[in-house]
Structures are given as C-alpha cells and as structure tokens.
Amino acid sequence: MIQFPLRWLYPIVTATLVLVLAACAAQPAPKQISGGTGPAMVAAANPHAVRAGIKILQEGGSAVDAAVAVQTVLGLVEPQSSGLGGGAFMLVYDATTGKLRVFDGRETAPSGASSDMFLDDDGKPLGYVDAVNSGYAVGVPGAMAMLGMAQEKYGKLDWAGLFNPAIELAENGFEVSPRLAFLLENYGHRLALDNNAGAGNYFFLPNGSPLPEGFLLKNPAYAQSLRQLSENPRALLEGELAHKIVAAVSIGSRPGSLSLQDLKNYQPRERDPVCRPYRKVQVCSAPPPSSGGHAINSILGILSHFTFSEDGANDPANWHLFIEAQRLAYADRDKFIADDSFVDVPLEGLLDAKYLAERAKLISPEMAMKHAKAGNPDGMAFGRDNTQEPEGTTHFSIVDKWGNAVSMTTTVESLFGNKRFVGGFLLNNQLTDFARNPVDEHGVELANAPAPGKRPRSSMSPTIVLNEHKKPVLITGSPGGNSIIAYTAKTLVGVLDWDLTPQQAVALPNVIARGDITRIGSLNLDPALIPALENMGHVIKPTAGENSGLHVIQILPDGSLLGGADPRREGQALQVNPEP
Ligand code: DON
C-alpha cells in the first residue's frame, strides 16, 4: 500500500471539506423548477475536472456529455489514475425512460495473449514491476470508445465540443497538483516511470527531478490526441494513434503482441447492471467482468439479515457485521467472478436470496469467523485467486438538471499504468488484473486466468441506488483495486443504514476484510474500534495507506443534492443550480 504523508493530507482534508460544504451546505436548498429541471452536480477527484463537467452541464449538456469532459481533463491532470489509454465502467440512469444501462469499456487481451504470459521461464509469476511495466500487460484501451458509444445514445451536445475544456487546459497548462507531485517524487523512479523516454521527458525535469507541485505543465501532444478523438471516438483504435500504441507496446521491457487488428476489433459493450434489493432500495452496479455488482450486492444481501444498532459507525458490533459480510462476499468473488463471455459465472446462484440467507447464518453477532470459505451454489470448480491489486484509478459521479445520472470508475490500473507514453498519455497495464498465475496452489484453474480476447476481472463498482419509485437516490464508487468493493460498500451502509451524509460516510475509516486479516485505515479512526474488534476475535492490521477516492452524490426527496468528496484525494463536489 502506498503511504501518504499527513503533512499534505491535512490541508487537503480541510480544503475539500470547505469546498464540499460550500457546494452543498452554504447554498440555498435547491428546488425543482418548472420544466422539470433541477440542480446538477459533479463530484470528482480533481477541481479542474469538476469545473469542466460543470461547464458542459451549464452549456446544456447531459450527465454523459459532462462525463466526456471530466474524463478527458482527469486524463491530463490526474494521469496516474485514468485516461485515454485506459478502460472504464460507466453506469447511466436515463431519467426519460427510467432505465439503467452499463457501458463496459474494459480493456481486452490481444489475440496473442496466453494463460502463462505472466509466468517467467521457471513457471513462477513475474514480479510486480516486471509484470506491470511489461508489454504483455497492455490491453486494448476502451474508455474513449465506450464514452463514444454512450454519448451517441445519451448525449445532447456535439461530441467534438466536449473536448474543449481538456484541449484548452492541455495547451495553456495546469499546475501539477500536490498529489501528482507527491507520487512522482516517491514512486516515479521506483516504478521506473522514467525508463520510458516519453514519460521521462514529460514527468521529469531535464535534470532528472520529478515535476514539483505547482509546476505549469503543458501537454500539446495530448491536445493533439484529443483533437483526433473529437473527430472520431475510435481514433485510438484505428487511426495514427493506433499505430503509435502498437509501436510503443512492441518495444521496451517484455514486448507485447498487441496488434492493429486487436485495436480494430475492440467493441465497447452496453449491458444490464447487476441490481438487487437491499432493505427498501435497489442497489445496482457493474456486471462481469467486474466483480463490483456481485460483491456489493453480496455484502448487502448478507447484511439484510441483520439489524444494525442505532449507534451506527460508533458501535463496533456494527462494524463487525460489515466485516463479516465482506469476508464472505470476497471469498465468493475471488473464486467465481471473471469475464462471463469466457467462463460460466454463477451470478444468479451467488446472489440468490436463499443462498445469501445461508451465508448470513455463518455470522455470529459476537465472534469473528476468522476465515471464510467460498460457497458453491452451482457446483463449479475454480481455484481461489489471491491476486493483489495496486493503486491507480478514479471515480466520478454526475447528476444533470434533468435528473440523469452517471457513475463512472475509470483506470489505467496501476499508478501511471504501464508507463509507456504515446500521444501525451499513458497506456494501461490492465491485463495484470488477470490472475498472474493461471492456477491456484493446488493446480486448480482460476476463472480469471488470461486468455486471448478476454477482459480481466475488475473490482470497479460504479453504483446507483434506486428508491421504491425506481428513482436514483445515491450515486457512488471509488478507486482502490479490490478494496473498491469495501470502500463503496462503506458509503452505502453509511448513508443507507447509519443515516450519514455522503460526506460523513466518505470520511468514515476504511475497513477492508478480504482474506483472514481486516485492514483498517487510520483516517478518522476511533481508537476504541480496533481493541473492541480484537476482543471479538478479529485479526486487524492498522494501515495508513487506504487511498479510497469516493465521489458521491445523494439525491434527497425534494430533489436537492448532497455531495461527498474523499478527503484522501484532491477532489470536490460542486453544484450548479437551475436558473431562477
Ligand atoms: O479494474 C480494477 O478493479 C482495477 N484495475 C482497479 C485498480 C485500482 O483501483 C487501483 N487503485 N487505486
């Protein structure tokens, strides 16, 4: 886990809280006005991206239009997390039809991929940096083609104009943020970012020092790539940029097989979300190859068999239930979730109400279970995947004035992705989301083993909660590798069960129970919580490195909005009110 110095975290906490409060509390309560238009909001990990989204909304754009502007600016100002060279899952609520649609822009493995591509000559999994920075790790980037597909359906503005905020910022320059400077200083050399000539020239000064905070950074090559994308959403997959991507992957450490044909063949997908009831609401999130929709609904489905005490986040017994439900859900997720175009994923069985009731019976309200085994509702034989996932990724939530909503999690996978840098952006290393070893310690095949054309399993959990009238009430999600599931579930329980505002829920300590040890983040941690949980038999690992990036919007019954921005990142939630 990456550790952040508290010396710069605290100012960001304060600044973020001020911004969120300014956005959400200081303004008069927004009201629905005639014509059915209401307040709009963007919650994202960087203020430039939030402002770009707001600008598009003010120009009459939909939530999906704003998402294009937010993504293209994030790819510039937060390149360590997401961008043109990565992939994403986007959940869209269409207020006109009342439907939810998922757009899957997940990367695919090239036709030359093989199940043993992350094994060395001795059959051992490659080390972290070797695997992540290898050409084998680069999947066909899908985020922009996916946004093109969604915008064609749900956009209100001209596609090309959505790129203007990012093009202007790339050409005029932006100040390197504290977090980007911190990551460059602490991880730039360590992760071999400067081994790639393009990335080295862009992210480091001529004397080899990483770019400092406040440095005015311009990226004309990125502006040029955006111009090409503004003319063709598939520009990365079939134009000059496609040639550049293939060339970059075919050189350097462990060259990959990604070909022009692989890029050309790429198709984003439109799918149904995974929705299940939880108490009085419906919780919807991403389907396979993401494990988000399964795991979030598994946690909540198990928790639905318990009543939390009224003390909410102040009662260790409530956290105990949250931990145990997570442990059971992760055990199933690790074994069974993968790309359902390639393996049978027993999703219905795993989320079946009776099955989850049986899983809930494994929880004692007083004592930790210590170890959770996967169930097996459909008699399937896969090994358990213990792959760890590193830090990258970002999440944003948007509501427009018509009540359409977007929940999008987007990623280049690891910090600074694969480090290969073309057209002013980083390529992804998403294929390390496959199990690096295709079999478990008993030699049993893993559902998430690499294969040609397959999409690696994700934990991205863009989530929208619908009320009894099937209207959205909460839009949430986070980065964080497989901890995304725990982080996102925390906001759901915080808002839905513990009556917290989104900002309060986001600020709760992060509590992650994958495997036998429970990690608890230090931010806002009640010192009494860990001893109380240890008394119940939990094995706890305190950690300062839980870098969630939850960006949340709650829609209240009167149509007004509340935002939440994670104090662990640099974002904000900003609202724009309807014209009086
Ligand atoms: O798709 C996934 O689940 C991962 N590639 C996400 C990686 C991530 O969130 C890293 N985190 N901060």
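Here the structure is shown first, and the text comes after it.
Here we summarise the structure given alongside this text.

Reading guide: rules and limits
Residues numbered from 1 in each chain as written. Predicted model: local features only at pLDDT ≥ 70, side-chain atom pairs only at ≥ 80, totals over all residues. Heavy atoms only, no water. Pairing = 2+ DSSP bridges. Helix = DSSP H or I, 4+ residues; strand = E, 2+ residues; numbered from the N terminus. Axes fitted to C-alpha atoms, helices over the stretch in contact; angles between N-to-C directions. Contact = heavy atoms within 4.5 Å. Core = buried A, V, L, I, M, F, W, Y, C linked by side-chain atoms within 4.5 Å. Buried < 20%, exposed > 50% of the residue type's maximum accessible area, 1.4 Å probe, protein only. Disulfide = S-S within 2.5 Å. Salt bridge = Lys/Arg side-chain N within 4 Å of Asp/Glu carboxyl O. Parallel < 35°, antiparallel > 145°, perpendicular 65-115°, else oblique. Left-handed = near helix turned anticlockwise from the far one by under 90°. Nonpolar A, V, L, I, M, F, W, Y, C, P; charged D, E, K, R; others polar. Arc of directions from axis to C-beta.

What follows concerns the sheet that holds strand 3 (residues 99–105). Judged by pairing direction, the sheet is antiparallel, and its seven strands sit side by side in the order 6-3-2-10-9-1-20 without closing on themselves. Each edge of the sheet is formed by a strand with only one pairing partner; in this case those strands are strand 6 (269–271) and strand 20 (572–576). Here the average twist between neighbouring strands, direction ignored, is 15 degrees. This element, helix 3 (residues 63–77), spans strand 1 (40–44), strand 2 (87–94), strand 9 (394–399) and strand 10 (405–411) of the sheet and lies at about 150 degrees to strand 9.

This part covers the nonpolar core. Counting residues in each nonpolar core, the largest one holds 85 residues, and the members touching the most others are Met90, Phe203, Ile398 and Val406. With 11 residues, the top contributor of residues to this core is helix 3. Apart from residues no more than four positions distant in its own chain, Phe203 is found in contact with Pro79, Leu184, Leu193, Pro210, Leu211, Phe416, Phe421 and Leu426. Within the second largest apolar cluster, 64 residues are counted, among which are Phe322, Phe382, Val465 and Ile540.

Enumeration over the complete set of coordinates arrives at one disulfide. A sulfur-sulfur distance of 2.1 Å marks the disulfide that ties Cys275 to Cys284. The S-S bond linking Cys275 to Cys284 shows a torsion near 115 degrees; that makes this disulfide right-handed.

With respect to topology, six strands assemble into an open sheet ordered 7-8-13-14-18-19, the strand pairing being antiparallel. What marks the edges here is a single partner per strand, and that holds for strand 7 (274–278) and strand 19 (561–565). Going from strand to strand, the sheet's axes swing by 15 degrees on average, the running direction of each strand aside. The sheet contact formed by strand 7 and strand 8 (residues 281–285) spans five bridges and is antiparallel. Across the sheet, Cys275 pairs through a bridge with Cys284, a residue of strand 8. Packing against the sheet, helix 13 (residues 292–303) makes contact with strand 7 and strand 8, and its axis sits at approximately 10 degrees to strand 7. Contacts between helix 17 (residues 484–496) and the sheet are confined to strand 7, strand 8, strand 13 (463–466), strand 14 (472–476) and strand 18 (551–555), with strand 14 contributing the most and set at about 145 degrees to the helix.

Attention shifts here to the pattern of salt bridges. For the structure on display, the rule yields 23 salt bridges. With a shortest N-O distance of 3.2 Å, Glu238 and Arg234 are connected by a salt bridge. Judged by relative accessible area, Arg234 falls into the buried class, the value being 17%. The salt bridge partner of Asp497 is Arg279, with a shortest N-O separation of 2.7 Å. A residue pair is termed long-range when its members are at least 10 positions apart, and Asp497 in the loop between helix 17 and helix 18 (502–507) and Arg279 in the loop between strand 7 and strand 8 qualify at 218 residues. Exposure remark for Asp497: the relative accessible area of 18% places this residue in the buried category. Within this structure, Arg101, Lys153, Glu270 and Asp272 form a network of salt bridges that share partners.

In this section: the packing of helix 2 (residues 47–58) against helix 3. Following both chains from N to C, one finds helix 2 and helix 3 inclined at 155 degrees, their axes separated by 8 Å at the closest point. Classed by the angle they form, the pair helix 2 and helix 3 counts as roughly antiparallel. Every pair of crossing elements has a handedness; the one defined by helix 2 and helix 3 is right-handed. Where helix 2 approaches helix 3, its residues His48, Ala49, Ala52, Gly53, Ile56 and Leu57 are matched on the opposing element by Ala63, Asp65, Ala66, Ala69, Val70, Val73, Leu74 and Val77. Class assignment of the residues belonging to the contact of helix 2 with helix 3 gives a composition of 11 nonpolar, two polar and one charged.

Moving on, we come to helix 11 (residues 240–249). Taken together, the buried positions of helix 11 are Leu241, Ala242, Ile245, Val246, Ala248 and Val249. An end-on view of helix 11 places all buried positions within 165 degrees of arc, on one side of the element. Among the structural elements, helix 9 (220–231), helix 10 (235–238), helix 12 (260–265), strand 11 (421–422) and strand 12 (425–426) are those in contact with the buried residues of helix 11.

Everything listed here is a matter of coordinates, which is why it stays silent on function.
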